[in-house]
Amino acid sequence: MDIDLLTKFNRGLCLSLIDTNVIEAIRMYREYSSYLHNNDGEEACKKELLAVRAAFLKKLIDFVELEENKTKTGDLIACYQELIVAFPKNEDLYVKCAKCFKKLEQYDIEVELLEKAFKIKPFGLENLKTLYDAYRNNEQLEKAKETAEKIIEKEPDNSDNYYRLGEISDKIYNKYEKEEDIKNAILNLEIAKKMNPNKKLYYKALTILYTKTGDFQKVKEAWDNCFKFKSQITNTDFVDYGMFLIRTGDFKNGFEFYEKRFITETKAVQYPKINKPLYDGKKDISGKTLLVQSEQGFGDVFLFSRFFYELKNRNIKIIARVPNTTLEIVKRSFPFVQAVSNEKKLEDINFDYHIPLMSLPLALNLNKANIPNKGKYLFADENKTKEFKNKLFNNNKFKIGINYKGSLRGLNTRNVPLEELLPLTKINNVQVYSLQFDEPDETFKDTNIINLAPYIKTFDDTASLTDNMDLMITADNSTMNLSGALGKKTFCLFNMIPEFRWFDLKGNDVKWYSFVKPYQCKKQSEWKPVIEKMVEDIKNMI
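Every residue gets a number counted from 1 within its own chain, in the order that chain's sequence is written. Only residues with pLDDT of at least 70 get local features here, since the model is predicted, and only at 80 or more are side-chain atom pairs given and counted; chain-wide, interface and lining totals rely on the full set of residues. Neither water nor hydrogens contribute to the side-chain values; these are computed over all heavy atoms in the structure.

Looking at the overall build of the protein
Selection rule: By definition, any uninterrupted DSSP run of H or I lasting at least four residues is a helix, any uninterrupted run of E lasting at least two residues is a strand, and each is numbered from the N terminus. Radius of gyration: C-alpha atoms only; globule rule: 2.2 Å multiplied by the number of residues to the exponent 0.38. Every residue pair with non-hydrogen atoms within 4.5 Å of one another is taken to be in contact. When charges are tallied, Lys and Arg are placed among the positive residues and Asp and Glu among the negative ones, while His and the ends of the chain are skipped. Charge placement uses NZ in Lys and CZ in Arg. For Asp and Glu, CG and CD serve respectively.
If you tally the helices and strands in the protein, you get 22 helices and 10 strands. Rg of the C-alpha trace for the protein: 31 Å, well past the compact-globule value of 24 Å for 542 residues, more than 25% over. Considering only C-alpha atoms, the protein reaches an extent of 100 × 60 × 55 Å along its principal axes. Taking the contacts inside the protein whose residues are at least 6 apart along the sequence as the reference set, 64% of them involve residues at least 24 apart. Placing the 85 positive and 80 negative side-chain charges of the protein at their respective mean positions leaves the two points 5 Å apart.

What follows is the structure, encoded as structure tokens:
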């Protein structure tokens, strides 16, 4: 049998493998092509190289067209890799390959592929929309905005295109906090709404945008329009609406809608499955044991634990299941409560009813006029407080503790840049201490701020350090809630649009805590004038 004919059997092997193991088929094709190329002095090898290339690439194209929605993403990427090498000027291959990387959430590669395709041949409308999505997902916000504007130029009569431009303008605002961007976002959403008033999506977006401007009347109007689309309202909408009502002081209805937080379509609050009755406050369970299960942030443990007294007044036995880092301070502050760690298994705890911690306001009929225990209701370890005093605070200076940012999970718009707080260090006879958890000394290089992070392992340590301060200055975070509940004089820095729990920041306290005085930005993240006012107030204090 002729050797050239035996060699050609490899062509059949390459082709037959495409349907069963395309990656192995491509590997074999490359090896066979390389062999033929290295022997291209022989006429038979030249002819076979052309033949196998034509047959293999045709079969590969047929394969991706038939299998695009069924084949594993990795197989498709391998196919497109080979096809793009063969046909580098075919823009459609780049676009289709980009879809694979979008599925893998590798948006940077998706963008590169789409940009290459666009250079080969400028996109039509649908591919422009695909490019917009890629830029947005890859956080290339300015390019996304430029693309959204091109889409409007091509299709000015489509309301969704104005929604798209409003959406990206909002993202740009979130990043840079420039007023012109939020105005541009609202302008485009209003255009979209006017063009098509029968789309709930636009009204929901406006509830978010107007919240960022503080125009709650407009927020209310947008919500009223949202609820006209009854069949489209989701649990997420109910929770968002509940937060809006709480923010505006309507606790009764707000906390009722907020109960949907465990069953939202996205980012539902985690809560353990408990095969015991849920307490809603309506039934008399005096003498029974109620498990209060913590949820969400550490600050919520401090804020909502005040309601343990109200449960006690109803003659309810209380078990509080809380994070380890808050366990000791809860035990000490509420001797009538059996406090246990969240790590303790539910089957090892004996109780009759359960309730999520943040459901207590609803169960106890809370309204903004009857918030209980606004003063001191948490207590630090006195011995630890004395130990810290002798070791760290043996001076006559006015001691200010600062805590300027919250957890990574929280809203970063609540955080205050450390450099904004440096004027505090210039006040005569003041020593500033950082109570920021796990903060390296390097952060405070070239300042005279003393870093107390090495002494903080749990909130029990933070409580005793806080007890040694003359004044605490914080962002809206768990340390502020702890400090307020400890009865420590606290100045809290709030952004222009605070988190939804803070329904009234006018006056000399935050309404939840009588010891916490609010200092609020008049413009988003414009901290300088607020801190200047705070510095003057401190000078007058000391």
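Some thoughts on the packing of helix α11 (residues 200-213) against helix α12 (residues 216-226)
The relative placement of two packed helices comes down to the angle between their axes together with the axis-to-axis distance. So the rule is basically this: For helices, the fitted line uses only the C-alpha atoms of the stretch in contact; every axis is such a line through C-alpha atoms, and the angle between N-to-C directions lies from 0 to 180 degrees. To sort the angles, those under 35 degrees are grouped as roughly parallel, those over 145 as roughly antiparallel, those from 65 to 115 as roughly perpendicular, and the leftovers as oblique. Two helices crossing with the near one rotated counterclockwise from the far one by less than a right angle form a left-handed crossing, whereas a clockwise rotation gives a right-handed crossing. Any residue that is not Ala, Val, Leu, Ile, Met, Phe, Trp, Tyr, Cys, Pro, Asp, Glu, Lys or Arg is counted as polar, Gly included; the first ten are nonpolar and the last four charged.
One way to put it is that α11 packs onto α12 with a least axis distance of 8 Å and a crossing angle of 160 degrees. It follows from the interaxial angle that α11 and α12 lie roughly antiparallel. Between α11 and α12 the crossing geometry is left-handed. For the pair formed by α11 and α12, the contact residues are Lys 200, Tyr 203, Lys 204, Leu 206, Thr 207, Tyr 210 and Thr 211 on the first element and Phe 216, Lys 218, Val 219, Ala 222, Trp 223, Asn 225 and Cys 226 on the second. Looking at side-chain class alone, the contact of α11 with α12 contains 8 nonpolar, 3 polar and 3 charged residues.

Examining the pattern of salt bridges
Rule in force here: Salt bridges are defined as contacts in which a side-chain nitrogen from Lys or Arg sits within 4 Å of a carboxyl oxygen from Asp or Glu. Using a 1.4 Å probe on the protein chains alone, a residue whose accessible area is under 20% of its type maximum counts as buried, one over 50% counts as exposed, and one in between counts as partly exposed.
Scanning the model with the defined rule gives 34 salt bridges in all. With its nearest N and O atoms 2.7 Å apart, the salt bridge here joins Arg 30 to Glu 82. With Arg 30 in helix α2 (residues 22-38) and Glu 82 in helix α4 (residues 73-86), this residue pair connects regions lying 52 residues apart in the sequence. The residue Arg 261 makes a salt bridge to Glu 295 at a minimum N-O spacing of 2.8 Å. Placement of the pair is Arg 261 in the loop between α14 (251-258) and β1 (289-293) and Glu 295 in the loop between β1 and α15 (298-304), with a sequence separation of 34 residues. Exposure remark for Arg 261: the relative accessible area of 1% places this residue in the buried category. Its relative accessible area of 3% is what places Glu 295 among the buried residues. Connected through shared salt-bridge partners, Arg 332, Asp 381, Lys 384, Asp 460 and Asp 461 make up one network.

Some details on the nonpolar core
Short version of the rule: Put simply, buried Ala, Val, Leu, Ile, Met, Phe, Trp, Tyr and Cys residues joined by side-chain atoms within 4.5 Å make one nonpolar core.
In terms of nonpolar packing, the biggest core is built from 71 residues, with Phe 56 and Tyr 80 touching the most fellow members. When residues in this core are grouped by element, the largest group, 8 residues, is from α4. Listed in part, the 54 residues of the second largest apolar core include Leu 290, Phe 302, Leu 360 and Leu 378.

A word on the environment of Phe 515
Among the structural elements, Phe 515 can be located in the loop between β9 (490-494) and β10 (516-520). The exposure class of Phe 515 is partly exposed, given its relative accessible area of 36%. When neighbours within four sequence positions are excluded, Phe 515 is seen to be in contact with Gly 375, Lys 376, Gly 484, Gly 487, Lys 488, Lys 489 and Thr 490.

Here's the deal with the sheet that holds β1
What counts is decided by this rule: Strand pairing is defined by DSSP finding a minimum of two bridges between the two strands.
Ordered in space as β3-β2-β1-β4, the 4 strands form an open sheet in which the pairing is parallel. What marks the edges here is a single partner per strand, and that holds for β3 (337-341) and β4 (353-356). Adjacent strand axes in the sheet meet at a mean angle of 25 degrees, parallel and antiparallel pairs treated alike. Along the sheet face, helix α17 (residues 324-333) touches β2 (317-322) and β3 and points at about 165 degrees away from the line of β3.

Digging into the pairing of strand β6 (residues 430-434)
Burial of β6 is extensive: 5 of the 5 residues sit out of reach of the surface. Going residue by residue along β6, you find Val 430, Val 432 and Ser 434 tucked away on one face and Gln 431 and Tyr 433 tucked away on the opposite face as well. As paired elements, strand β5 (residues 398-403) and β6 share 5 bridges and run parallel to each other. Looking at the pairing, Ile 400 lines up with Val 432 of β6. Of the pairings in the sheet, the one linking β6 to strand β7 (residues 450-451) comprises 2 bridges and is parallel in character. Its bridge partner lying in β7, Ser 434 is registered against Asn 451.

Quick look at the environment of Asn 468
Assignment of secondary structure puts Asn 468 in the loop between α20 (459-467) and β8 (471-475). Among the residues examined, Asn 468 registers a relative accessible area of 10% and is labelled buried. Taking the C-alpha atoms as reference points, Asn 468 and Lys 72, separated by 396 residues in sequence, lie 61 Å from one another. If we ignore the near neighbours within four places in the chain, the residues touching Asn 468 are Thr 385, Phe 388, Lys 389, Phe 393 and Lys 399.

Some details on the packing of α17 against α20
Put simply, α17 and α20 touch, their axes get as near as 6 Å, and they point 60 degrees apart. Judged by the inter-axis angle, α17 sits oblique to α20. In contact with Thr 325, Thr 326, Glu 328, Ile 329 and Arg 332 of α17, α20 contributes Phe 459, Asp 460 and Ala 463. Here the contact of α17 with α20 is built from residues that sort into 3 nonpolar, 2 polar and 3 charged.

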